[in-house]
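# Structural characterization, general
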Amino acid sequence: MDMTYPGVVPMHKVNFDAKTEYDMIQNYKILQDVFNKLKIDKHIEVSRLVKGRPLDNLEFLQWLKRYCDSVNGGIMNENYNPVERRVKVGKDRNLKCSTKSSKSLQTNSMNNSGSGDKLGPNITSVAKPFRSIEAEVGANSSVEIQALSKEITDLKFAVDHLEKERDFYFAKLRDIEILCQIPEVENDYMSVAIKTILYADDANESALDEAQDYLNQTMNGVGAEAEIEA
């Protein structure tokens, strides 16, 4: 959209490092605002897309590609560098964050130095009794950090395994979809039944029943025609 409509998308608001659903929702809100500004009659199913299901995202990307091709005639702007645009936005954001952090650190440092002159003797006298407690807390924290680090490692391994499994089965579904789109068999009753299941909404739990009903009706119709011809 940034390439098709230069200057319309507020790129400085886009979070290219979005990991959580909250960050993704904010990005989709930006895209929906762009659609509204351009009067594009397309509602974004954010609640479905943020779940990361391949078929939902593929369907949306296919629509987005078709729309952009209809606007620019399928001709890519050779002068548009998406990586450069993304890096520039990231640098600006990092610069703002670092500026805010440095100001905050400077303020805290000044406050601490100012209060330290007044409370210095009291802090020194009170700190000694707590040294043993601090050492114990530090040891417990170290154990907790190690446990949390192991848990994070295990979770990352589990996520990697699930992503590989997801990609494996998605590739199979994509192969089946490509086979069903071959012109010679695209309108075949079996292909239509398979696509009924592939393109069913997640909330539609009766996709298999619909496909079976379609097959039964079609096969009964074919049988009836064969009897009539005989």
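Residues numbered from 1 in each chain as written. Predicted model: local features only at pLDDT ≥ 70, side-chain atom pairs only at ≥ 80, totals over all residues. Heavy atoms only, no water.

## A look at helix α3 (residues 54–72)
Defined as follows: Where helices and strands are cited, they refer to DSSP runs of H or I of at least four residues and of E of at least two residues respectively, numbered from the N terminus. An expected span of 1.5 Å times one less than the residue number is assigned to each helix. Think of it in three bands: with a 1.4 Å probe and only protein chains considered, a residue is buried below 20% of the maximum accessible area for its type, exposed above 50%, and partly exposed in between. Directions pointing from the helix axis toward each C-beta atom define the arc.
With 19 residues, α3 should reach 27 Å at 1.5 Å per residue; the first-to-last C-alpha distance of 27 Å fits that figure. Within α3 the residues assigned to the buried category are Asp56, Phe60, Trp63, Leu64, Tyr67 and Cys68. The arc that holds the buried residues of α3, viewed along the axis, is 130 degrees, so those residues lie on one side. Counted as exposed and oriented over 90 degrees from the buried face of α3: Glu59, Leu61 and Arg66. Positive backbone phi, at 70 degrees, marks Gly73, one or two positions downstream of α3.

## What about the pattern of salt bridges?
A side chain with one charge may pair with a side chain of the opposite charge, provided their charged atoms come close. Using the following cut-off: By definition, a salt bridge exists where a carboxyl oxygen of Asp or Glu is found within 4 Å of a side-chain nitrogen of Lys or Arg.
In this structure the tally under the stated criterion is seven salt bridges. The shortest N-O distance in the salt bridge between Asp56 and Arg53 comes to 3.3 Å. Asp56 gets classed as buried once you look at its relative accessible area, which sits at 11%. Residue Arg166 pairs with Asp167 through a salt bridge whose shortest N-O separation is 3.2 Å. For Asp167, a relative accessible area of 41% puts it in the partly exposed group. When salt bridges that share partners are traced, they join Arg48, Arg53 and Asp56 into one network.

## Some words on the confidence of the model for the chain
Under the convention used in this document: Confidence scores labelled pLDDT are given residue by residue by the predictor and lie between 0 and 100.
A residue-level look at the chain finds 76% of positions with pLDDT of 70 or above and a mean pLDDT of 79. Per-element confidence in the chain ranges from a low mean pLDDT of 57 for helix α4 (residues 82–127) to a high of 91 for helix α1 (residues 21–37).

## Here we look at the packing of aromatic side chains
To be explicit about the condition: Each aromatic pair joins two rings of Phe, Tyr and Trp (for Trp, the six-membered one) with centres within 6.5 Å, and gets the label stacked for planes under 30 degrees apart, edge-to-face for over 60, and tilted for any other angle. Note on criteria: charge over ring means Lys NZ or Arg CZ within 6 Å of the ring centre, with the direction from the centre no more than 35 degrees off the ring normal.
This model, assessed by the stated rule, comprises five aromatic pairs. With a centroid separation of 5.6 Å and an interplanar angle of 10 degrees, the aromatic rings of Trp63 and Tyr67 are classed as stacked. Taken together, the residues span about one helical turn, with Trp63 and Tyr67 both in helix α3 at a distance of four residues. In this pair, the class of Trp63 matches that of Tyr67, namely buried. Taken together through their ring pairs, the aromatic side chains of Tyr28, Phe35, Phe60, Trp63 and Tyr67 make up a single cluster. A cation over a ring is seen here: Lys42 above Trp63, with NZ or CZ 5.0 Å from the ring centre.

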